Amino acid sequence: EEEGPKKVHIRAGAHTDYGAMTILKSGGPGLQLQLSSSKTNGVASTVDDTAWIDVPHLSDAFIINLGDLMQRWTNDKWRSTLHRVIAVADDCGIDQKSDYD
């Protein structure tokens, strides 16, 4: 028996940050990113660029999101990170709160 997809609640909608970079302390599940649809090192990506990818939680780690200013400074060589924050309901329908709120 296959499990159906879990209900996703958006805590912070898809966005990029406007500064050079944002440093986040890894605080649990909930942060997702979307890969850029542009080519990487001149090679087209085979990854679905509309899919959201879960950022793994690593204890005592930091996450660095590049922002719009860094993208501008590097003339689009380094792209700002499109990301969102979600909470996924468990089997009882209770939201698992993310520390990114």
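Quantities reported herein were computed from a predicted structural model and do not represent experimental measurements.

Peer 1: Is there a simple way to explain the packing of aromatic side chains in this structure?
Peer 2: The description of two aromatic rings rests on the distance between their centres and on the angle between their planes. Applying the stated criterion across every chain, the model contains 0 aromatic pairs. A cation over an aromatic ring shows up here: Lys25 above the ring of Phe62, its NZ or CZ 5.9 Å from the ring centre.

Peer 1: Teacher, can you tell me more about the pattern of salt bridges here?
Peer 2: Pairing is possible between side chains of opposite charge, provided their charged atoms come close. Evaluated as defined, the whole model comprises 1 salt bridge. We note a salt bridge from Asp60 to Lys25, for which the minimum N-O separation is 3.8 Å. Pair noted here: Asp60 is in the loop between strand E4 (52-54) and strand E5 (62-66) and Lys25 is in strand E2 (residues 21-25), with a separation of 35 residues, a long-range link. In this structure Asp60 comes out as exposed when scored by relative accessible area, which is 71%. With a relative accessible area of 43%, Lys25 lands in the partly exposed category.

Peer 1: How should I be thinking about a nonpolar patch on the surface in this particular structure?
Peer 2: A cluster of nonpolar side chains, namely Met21, Ile23, Phe62 and Ile64, defines an oily patch on the protein surface of about 440 Å² accessible area. Within the residue set of the nonpolar patch, elements represented by two or more residues are E2 and E5. Residue placement: Phe62 occurs in strand E5. Its relative accessible area of 60% is what places Phe62 among the exposed residues.

Peer 1: I keep staring at unusual backbone geometry and nothing clicks. Help me out?
Peer 2: Working note: non-glycine residues mostly have negative phi, and peptide bonds are mostly trans. Despite not being glycine, Asp60 has its phi angle at roughly 55 degrees, a positive value. Positive phi values are uncommon outside glycine, yet Asn75 reaches one of about 55 degrees. Examined against the element boundaries, Asn75 turns out to sit in the loop between helix H1 (68-73) and strand E6 (82-88). Asn75 sits in the exposed class, given a relative accessible area of 69%.

Procedures and definitions
Residues numbered from 1 in each chain as written. Predicted model: local features only at pLDDT ≥ 70, side-chain atom pairs only at ≥ 80, totals over all residues. Heavy atoms only, no water. Phe/Tyr/Trp six-rings, centres within 6.5 Å; stacked < 30°, edge-to-face > 60°. Lys NZ or Arg CZ within 6 Å of the ring centre and 35° of its normal. Salt bridge = Lys/Arg side-chain N within 4 Å of Asp/Glu carboxyl O. Helix = DSSP H or I, 4+ residues; strand = E, 2+ residues; numbered from the N terminus. Buried < 20%, exposed > 50% of the residue type's maximum accessible area, 1.4 Å probe, protein only. Patch = residues over 30% accessible without salt bridge, like charges linked within 9 Å, V, L, I, M, F, W, Y side chains within 5 Å. Areas by Shrake-Rupley, 256 points an atom, 1.4 Å probe, with all protein chains shown as cover.

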